[in-house]
Protein chains: 2
Amino acid sequence: MPLRETNIVSGAQTKFGKLEGVTLREMFAEAVEKATIGSGIPLEDIQAAFIGTFIPEMLVHQGHTAPLLADYAGLRGLPATRHEAACASGATAIRAAIMAIESGMYDTVLVAAAEKMTSVSTNKATEALAAAADDEFESSMGLTFPGVFAIAAVAHMQEYGTTEEDMALVAVKAHHNAAKNPLAQFQKEITLEKAMTPRYIAWPLKLFDCSPISDGAAAIVLTNNERAKQYTDTPVKIIGTGQASASMNLCDRKNLTSFEASVRASRIAYEMAGLQPKDIDVAVVHDCFTIAEIIATEDLGFFKPGEGAKAVREGVTAMDGDMPINPMGGLKAVGHPVGATGVKQAVVIYRELIGEASANQVPRHDIGLMHNFGGTGATCVVNIMRRADA
Amino acid sequence: MPLRETNIVSGAQTKFGKLEGVTLREMFAEAVEKATIGSGIPLEDIQAAFIGTFIPEMLVHQGHTAPLLADYAGLRGLPATRHEAACASGATAIRAAIMAIESGMYDTVLVAAAEKMTSVSTNKATEALAAAADDEFESSMGLTFPGVFAIAAVAHMQEYGTTEEDMALVAVKAHHNAAKNPLAQFQKEITLEKAMTPRYIAWPLKLFDCSPISDGAAAIVLTNNERAKQYTDTPVKIIGTGQASASMNLCDRKNLTSFEASVRASRIAYEMAGLQPKDIDVAVVHDCFTIAEIIATEDLGFFKPGEGAKAVREGVTAMDGDMPINPMGGLKAVGHPVGATGVKQAVVIYRELIGEASANQVPRHDIGLMHNFGGTGATCVVNIMRRADA
């Protein structure tokens, strides 16, 4: 089924990082305000809200977040629904909103997402994050996410000769891009030497291979073709969307060097958009760990299996490379407030495609792709966007 | 917008109650198996899964439930998304599935929901449930749900003269209906005297005014018009759906004798269906507490404000009354595995409308309504269904 009616007409994020004294509802409201009133879209035009949060239950003892957050953002009374898919929560909220627009149920809707993670200790946050893995087979045994991605990294190293330095180069690129992004958690460059500091979290992953614990929120407004022109001269159309799942636990996977849900979701999205990987000008991929970026660029078909690391080494994925990946800094350096990440990715692609990415603007920017996954890739969402006038 | 394409073609639930030794994924898989293979619908026909769970994070340390549960039920790989709106989680999953079908994104989808609540202590369960209220303004102050609904009961008693006996009669009716329902948690009658036993949970609410802590799962299959006929001679069409929200905390409500989100959601659903309250043959409403049933029947327009209790006293809401409410026993006596409740309500209406409600069959059954709300009515969903041949 082709998508015909879904346009992004605004997008905004808060600063990501340790936002002292700012609550979940406050950061959510800030992102919504920027994406609506701050972008010339009256709050009264919003007919429904699709909200992504991962685990506020364990982080701030707050479930049922949709009506609470919508209310605080000035949208009391609206249908407001919460979508959760671990780190892919934000993208599943976008998918629900796409179907809402395409069905004709609503004309204009908000997608917004937030996570407040720094109000608890790192141990508590790690325990909360572990709920994204299979509790019966993985997390209850002590297998947390750095360990899970370390297993994938070892498999990739063994199969393709990927090195710790290759992964470190992903971190160096992320920090290089984020240094120009005022909303990034780590707005500074790092050297390869620093990235290689042997502070192991779970061998072979070191401190700089891991995305941080972050607070933050992001929001976009989606609307149909008729309304889009009222809000902006440069709507961005969502032209393809794919979602797939995989077994939650690694022991049921055939292969640890690729995430099959990423492959499947992207193929669905490409087919819907009538495009191929080579048609994508810019992509944001789910780099919760540096190895995840390398694998994602292979799974999405930008590079052959095993050649993702080479692309990093040769600068192909740099902001000015042939296939820019995470040009604003990715989860690694911008931060990863889990539920918010998928919506933040859409904001990045929106800003890149309309040419408003400031110092992080990529040269070619007609068509963009976002890749958001949850857990160890047990959920994956890929959305493809095209500037309406492109 | 009218709904044109959404049909329920099967529905099933597990036994509700304290299901010793049965895990979340096992009960989920049982409900899915009954609603698919057990109803003549091949698993391969299911293209996406929309899943409702409320708070497995705190009850069984499991987030990211959608791919996990889908996988365990034999649906590995599918797009599987989790929807959470406290006690209305199941109904928000149904709404997402409706939009998926109406948009043409999928032909045939599963909606399934489950909650495993009895694996933790009652105190722990109460703490988890409290996450459905506003943590900053209510739950952190010790206001848990029996207290919240006690406040509503007192307001209703004060405004309309509703009595503790009126509420007890709701419980007597619920147990009377559930006594015939083999899937109910409490499959036995109670006397008015027993319901009036002064075992106060939060005055004026007594033990028998409260729905129990339960385990359970439910599932339905939705499909478009073309496919519906392949599966059944008696599809049930969803012809109206409404969702609304309200402030999370009570202090922002104008009125405690009515839940404004119920009023608004039902008016949207009636308008979409082109129907009025008098056109409804049978309804299931969200009776988490007996007072909630009384208020719901007023909010939905079946009775005037303040006349819900009179309807109970006069037997109007009995299984063979003019406006049967919760003919299988409701949350009160069938049980309330929170996330599963909305989908179970759809199963009840489906079974009633196709005439397969056995000893709980209501006499007129062309058009039914389900009303599912979350928290203290901060989220409400109303769906109206009609048997396709009616």
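Residues numbered from 1 in each chain as written. Chains lettered and ligands numbered in written order. Predicted model: local features only at pLDDT ≥ 70, side-chain atom pairs only at ≥ 80, totals over all residues.

1. Concerning the domain arrangement of chain A
Residues and elements named next belong to chain A.
- When the domains of chain A are assigned, the result is domain 1 (7–121 + 213–231) and domain 2 (133–211 + 236–387).
- Put simply, the middle of domain 1 and the middle of domain 2, counted by C-alpha atoms, are 22 Å apart.
- Every contact between the two is made by 36 residues of domain 1 and, on the other side, 34 residues of domain 2.
- If you list the elements that add at least two residues to the side of domain 1 that touches domain 2, you get β1 (7–13), α4 (89–103), β4 (108–115) and β7 (216–223).
- With eight residues, the top contributor of residues to the side of domain 1 that touches domain 2 is α4.
- Considering only residue class, the side of domain 1 that touches domain 2 consists of 21 nonpolar, 11 polar and four charged. (Domains from an automatic or database assignment. Contact = placed C-beta atoms within 7 Å. Helix = DSSP H or I, 4+ residues; strand = E, 2+ residues; numbered from the N terminus. Nonpolar A, V, L, I, M, F, W, Y, C, P; charged D, E, K, R; others polar.)

2. Concerning the interface of chain B and chain A
- Listed by partner, the interface residues are 50 residues for chain B and 50 residues for chain A.
- Broken down by secondary-structure element, the contributors of at least two residues to the side of chain B that touches chain A are α2 (56–60), α3 (65–72), β3 (80–84), α4 (89–102) and β8 (236–245) of chain B.
- Looking at the side of chain B that touches chain A residue by residue, the class counts come to 24 nonpolar, 17 polar and nine charged.
- Taken together, the three bridges between strand β3 (residues 80–84) of chain A and β3 of chain B define a ladder with antiparallel strand orientation. Bridge pairing in β3 of chain B links E84 of chain A to R82 of chain B. (Pairing = 2+ DSSP bridges.)

3. Focus: the pairing of β8 of chain B
Residues and elements named next belong to chain B.
- Burial within β8 is extensive, with 10 of its 10 residues counted as buried.
- As judged from the two bridges shared by strand β1 (residues 7–13) and β8, these two strands associate in the antiparallel manner. Residue pairing for β8: I8 is matched across the bridge by V236. (Buried ≥ 20, exposed ≤ 12 C-beta atoms within 10 Å, placed from the backbone.)

4. Concerning helix α10 (residues 260–273) of chain B
Residue and element names in this part refer to chain B.
- Compared with the 20 Å implied by 1.5 Å per residue over 14 residues, the 20 Å span of α10 between its first and last C-alpha is a close match.
- Among the residues making up α10, those that are buried are A261, S262, V263, R264, A265, S266, A269, Y270, M272 and A273.
- Contact partners of the buried residues in α10: β8, α11 (290–299), β10 (367–374) and β11 (379–387).
- Where α10 terminates, the next one or two residues include G274, which has phi positive at roughly 65°. (Expected span 1.5 Å × (residues − 1).)

5. Focus: the packing of helix α6 (residues 145–160) of chain A against helix α11 (residues 290–299) of chain A
All names here are of chain A.
- Closest axis-to-axis distance for the α6/α11 pair is 9 Å, and the angle between their directions is 55°. Between α6 and α11, the crossing angle belongs to the class labelled oblique. In the packing of α6 onto α11, the handedness of the crossing is left-handed. Residues F149, A152, A153 and H156 of α6 touch α11, and the partners they reach there are I291, A292, I294 and I295.
- Here the contact of α6 with α11 is built from residues that sort into seven nonpolar, one polar and no charged. (Axes fitted to C-alpha atoms, helices over the stretch in contact; angles between N-to-C directions. Parallel < 35°, antiparallel > 145°, perpendicular 65-115°, else oblique. Left-handed = near helix turned anticlockwise from the far one by under 90°.)

6. Regarding the packing of helix α1 (residues 24–35) of chain B against α3 of chain B
Residues and elements named next belong to chain B.
- At a minimum axis distance of 8 Å, the contact between α1 and α3 shows a crossing angle of 60°. When the interaxial angle is binned, α1 and α3 end up oblique. Where α1 crosses over α3, the two elements pack in a sense that is right-handed. Between α1 and α3, the contacting residues are R25, F28 and A29 on the first element and L68, L69 and Y72 on the second.

7. Here we look at the pairing of strand β7 (residues 216–223) of chain B
Residues and elements named next belong to chain B.
- Of all eight residues in β7, eight are buried; the element is thus mostly enclosed.
- Of the two faces of β7, the one holding G216, A218, I220 and L222 and the one holding A217, A219, V221 and T223 are both buried throughout.
- As judged from the six bridges shared by β1 and β7, these two strands associate in the antiparallel manner. Bridging across to β7, G11 finds its partner in I220.
- Where strand β4 (residues 108–115) lies against β7, eight bridges are found, and the strand directions are antiparallel. The partner of V111 across the bridge, within β7, is I220.

8. A short note on the nonpolar core
- A49 of chain A together with A49 of chain B are the most contacted members of the largest nonpolar core, which totals 310 residues.
- Those residues in contact with A49 of chain A, other than ones at most four positions away along the chain, are A66, A70, L75, L78, A80, V109, L110 and A112 of chain A. (Core = buried A, V, L, I, M, F, W, Y, C linked by C-beta atoms within 7 Å.)

9. Considering the environment of H336 of chain A
Residue and element names in this part refer to chain A.
- The topology assignment puts H336 in the loop between α13 (330–334) and α14 (341–353).
- Residue H336 is classed as buried on the basis of its C-beta count, with 26 C-beta atoms lying within 10 Å.
- Sequence separation of H336 and P212 is 124 residues, and the distance between their C-alpha atoms is 6.2 Å.
- The residues contacting H336, other than those within four sequence positions of it, are S211, P212, S214, C288, L331 and T341.

10. A look at the relation of the copies chain B and chain A
- Mapping chain B onto chain A leaves a residual RMSD of 0.0 Å; the transformation is a rotation of 180° accompanied by 0.0 Å of translation along its axis. When the rotation and shift are considered jointly, the pair of chain copies conforms to a two-fold rotation axis. Measuring from the rotation axis to each C-alpha of chain B, the shortest distance belongs to S103 of chain B, at 1.9 Å.
- The fraction of interface residues of chain B whose copies in chain A are also interface residues reaches 100%, indicating that both copies meet through the same surface. (Least-squares fit on C-alpha atoms with pLDDT ≥ 70 in both.)

11. A few points about α14 of chain A
All names here are of chain A.
- When the terminal C-alpha atoms of α14 are compared, their 18 Å separation across 13 residues agrees well with the 18 Å that a helix rising 1.5 Å per residue should span.
- Of all 13 residues making up α14, 13 are buried, and the element is well covered by its neighbours.
- G355 lies just past α14 and shows a positive phi near 80°.

12. As for unusual backbone geometry
Residues and elements named next belong to chain A.
- Omega for the peptide link from W203 to P204 comes to 5°, which places this bond in the cis form.
- Inspection of the secondary structure puts P204 in the loop between β5 (200–202) and β6 (205–206).
- One non-glycine residue, H61, lies in the positive phi region at around 45°.
- For H61, the position within the fold is in the loop between α2 (56–60) and α3 (65–72).
- Residue classification places H61 among the partly exposed positions, given that 17 C-beta atoms sit within 10 Å.
- Positive phi, normally seen in glycine, also occurs at N326, with a value near 50°.
- Position of N326 among the secondary structure elements: in the loop between α12 (308–313) and α13.
- For N326, a count of 29 C-beta atoms within 10 Å corresponds to the buried category.

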